[in-house]
Amino acid sequence: MAKDAAFHSLRQDGDHGGQEPTDGSAPPLTDTMGAGARPRVAFLFIGQAHQLLHGITIAEELALAGRVDVDIVSTTAINLELACDIVVPETRHLLGFERIGSRVLRAIAARLGRVLPPKLPSLFIARRRLDGYDAIILPERTSTILRKLGVRQPKLIHIDHGAGDRAVGYDKRIAQFDFALVAGRKQERRMLADGLIRPGAYAIVGYPKFDAADRIRDRSWHPFADDRPVILYNPHFSAELGSWAKDGQEIVRNIVESGRFNLVIAPHVRLCDTRKGRSAAEAVFGMFRPFPQVHLDLGSERSIDMTYTSLADVYLGDVSSQVYEFIRTPRPCVFINSHGKDWHGDPNYSHWNLGPVFDHAAMTVAAIDASMRDHGDYRDRQRAAFVDTVDEHAGRGSSMRAAEAIMSFLCRAGVADLRG
């Protein structure tokens with residue numbers, strides 16, 4: 001795709017007369033909107049690229065509704081390029097694309113070996129500009145700091161970037177949002193119980209990432225030449241919660257030495273979004289690159305567009321929410337309890353009820369065999385867990401439902417007019 005055309009509306013670094021914004025001095029958007037201008041909303045992506053897939057098709061649907069102006073705002077060109085790639089070319093002109101922050105912050109990030117510029121300084125620099133929007137839609141919680149930075153005008157709307165079970169998905173900061181979109185009944189129950197959402201201030205919309213990932217994923221691609229079962233090893237980025245630091249190398253070695261499987265190693269992208277993290281992952285997994293039955297992905301687009309959760313025959317993981325993307329089609333799952341967690345009855349580990357759980361890396365191959373042999377015992381449980389996690393309506397995509405919910409909220413809040 002020729003991105004020059006796609007970026008005709010991209011305002012790099014808030015390019016106001018060629019001046020680099022460094023202290024929030026760029027004029028707020030309301031200064032230039034004029035009388036009778038339509039409400040403006042921003043989809044703000046200051047995290048890794050995987051978060052963008054949870055919101056970009058919502059932004060597209062909202063722009064297509066024709067009642068508000070929609071901008072995609074990010075601190076990285078990577079996110080903006082991916083956004084342009086996902087949006088249908090015929091509707092791309094309906095969206096604005098803008099990179100916020102500064103060259104100084106990006107230089108600091110590069111020097112530190114980080115993919116992302118530091119979030120808080122980036123938000124501080126952009127605070128006045130962001131205060132010109134009528135609503136800001138966010139797939140993370142760090143940006144709630146905007147309220148303390150003086151950003152008062154926009155309504156803050158929370159969208160998921162995963163629908164897992166870990167406590168981090170039920171962050172107390174969610175309660176600071178004016179409106180929230182949730183994937184299904186599971187999140188609704190937990191968030192209501194924890195006081196994170198309020199009746200009338202949320203909507204169940206399903207999982208918009210499916211819309212984006214299904215659009216861009218290359219279904220014809222396959223990393224292996226033979227038809228041996230494909231195991232996806234998808235460790236979480238946290239050394240304290242996940243398995244890669246303690247057991248990852250032995251897990252992989254046992255699978256390779258069995259000679260019976262093809263193996264995709266695709267850790268959560270946050271494991272490799274710093275120079276230090278990538279080096280650590282290479283130290284654990286890099287030695288397996290030469291093996292033809294091993295495909296190692298430390299952060300390509302395929303690691304976020306559901307390529308691997310779609311093609312694998314068996315999911316091997318720990319605490320990643322990607323297991324719920326995998327069981328969209330029920331298949332064998334197996335989980336490694338690297339830290340001896342007493343997990344039974346713990347809602348943060350509910351997904352460990354979807355397949356066998358093993359405690360030692362030496363048991364890896366036996367556990368994989370058990371997951372395939374006994375999958376019939378878990379199939380109905382997986383179906384029920386998926387339905388509880390992701391509310392799907394036949395014929396109505398999640399992105400459309402999410403856009404409608406946002407428009408309805410903006411109307412009730414007096415931000416947008418649905419008439420016409």
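Let me sum up the structure you'll find in this document. What you see is a predicted model, and the numbers here were worked out from it, not measured in a lab. (Residues numbered from 1 in each chain as written. Predicted model: local features only at pLDDT ≥ 70, side-chain atom pairs only at ≥ 80, totals over all residues. Heavy atoms only, no water.)

Across its full length, the protein chain holds 17 helices and 14 strands. For 420 residues, the compact-globule formula gives about 22 Å, and the C-alpha radius of gyration of the protein chain, at 22 Å, lands near that figure. Looking at the 420 residues of the protein chain, the share that counts as buried comes to 57%. When the accessible surface of the protein chain is split by element, carbon and sulfur atoms take 51% of a total near 17,400 Å². Within the protein chain, one finds 53 positive and 52 negative side-chain charges whose respective centroids are separated by 4 Å. (Helix = DSSP H or I, 4+ residues; strand = E, 2+ residues; numbered from the N terminus. Rg over C-alpha atoms; globule rule 2.2 N^0.38 Å. Buried < 20%, exposed > 50% of the residue type's maximum accessible area, 1.4 Å probe, protein only. Areas by Shrake-Rupley, 256 points an atom, 1.4 Å probe, with all protein chains shown as cover. Lys, Arg positive; Asp, Glu negative; His and termini not counted. Charge placed at Lys NZ, Arg CZ, Asp CG, Glu CD.)

Read across the open sheet, the six strands follow the order S11-S10-S9-S12-S13-S14; overall the sheet is parallel. Strands with a single pairing partner mark the edges of an open sheet, and in this sheet they are strand S11 (294-296) and strand S14 (357-358). Judged from the two bridges that link them, strand S13 (residues 333-336) and S14 form a sheet pairing that is parallel. By the bridge assignment, phenylalanine 335 is partnered in S14 with valine 357. (Pairing = 2+ DSSP bridges.)

For the rest of this paragraph, the subject is the nonpolar core. Grouped together as the largest cluster of nonpolar side chains are 72 residues, with contacts concentrated most on Val41, Phe43, Leu62, Val70, Ile72, Leu181 and Leu410. Here this core takes seven residues from helix H17 (residues 398-412), the largest share from any one element. When neighbours within four sequence positions are excluded, phenylalanine 43 is seen to be in contact with Gly55, Ile58, Ala59, Leu62, Val70, Asp71, Ile72, Val73 and Ile137. If you look at the next biggest cluster of nonpolar residues, it comprises 28 residues, including Tyr233, Val284, Ile336 and Ala361. (Core = buried A, V, L, I, M, F, W, Y, C linked by side-chain atoms within 4.5 Å. Contact = heavy atoms within 4.5 Å.)

This paragraph deals with the packing of aromatic side chains. For the structure on display, the rule yields 11 aromatic pairs. An aromatic cluster is built from Tyr315, Phe326, Phe335, Trp343, Tyr349 and Trp352, whose rings are joined through pairwise contacts. Its guanidinium or amino end placed over the ring of tyrosine 170, arginine 190 lies 3.9 Å from that ring's centre, counting from NZ or CZ. Of note, arginine 328 hangs over the ring of phenylalanine 210, and the distance from its end group to the ring centre comes to 3.9 Å. (Phe/Tyr/Trp six-rings, centres within 6.5 Å; stacked < 30°, edge-to-face > 60°. Lys NZ or Arg CZ within 6 Å of the ring centre and 35° of its normal.)

On to the layout of surface pockets, then. Considering only enclosed or pocket space, the largest pocket measures out at about 740 Å³ in volume. What lines the largest pocket is a set of 35 residues, among which Arg141, His161, Arg166, Val168 and Arg270 lie closest to the centre. Among the secondary structure elements, those contributing two or more residues to the lining of the largest pocket are helix H3 (49-52) and helix H14 (322-326). Taken as a whole, the second largest pocket holds about 370 Å³ of empty space. Surrounding the second largest pocket, 21 residues form its lining, Ala49, Ile78, Val115, Gly299 and Ile304 being those nearest its centre. Only H3 and helix H5 (77-86) provide two or more residues apiece to the lining of the second largest pocket. If one sorts the elements of the lining of the second largest pocket by residue count, H5 sits on top with five residues. Counted by class, the lining of the second largest pocket contains nine nonpolar, six polar and six charged residues. (1 Å grid on protein atoms, 1.4 Å probe; cavity = no way out; pocket = protein on both sides within 12 Å on 5 of 7 lines; lining within 4 Å. Points joined across faces, edges and corners; volume = space filled by probe spheres on them. Nonpolar A, V, L, I, M, F, W, Y, C, P; charged D, E, K, R; others polar.)

Under the defined criterion, the tally for this structure stands at 23 salt bridges. Between arginine 215 and glutamate 60 there is a salt bridge, and its shortest N-O distance comes to 2.8 Å. With a gap of 155 residues between them, arginine 215 in helix H10 (residues 209-216) and glutamate 60 in helix H4 (residues 56-65) connect regions that are remote in the sequence. Residue glutamate 98 pairs with arginine 129 through a salt bridge whose shortest N-O separation is 2.9 Å. (Salt bridge = Lys/Arg side-chain N within 4 Å of Asp/Glu carboxyl O.)

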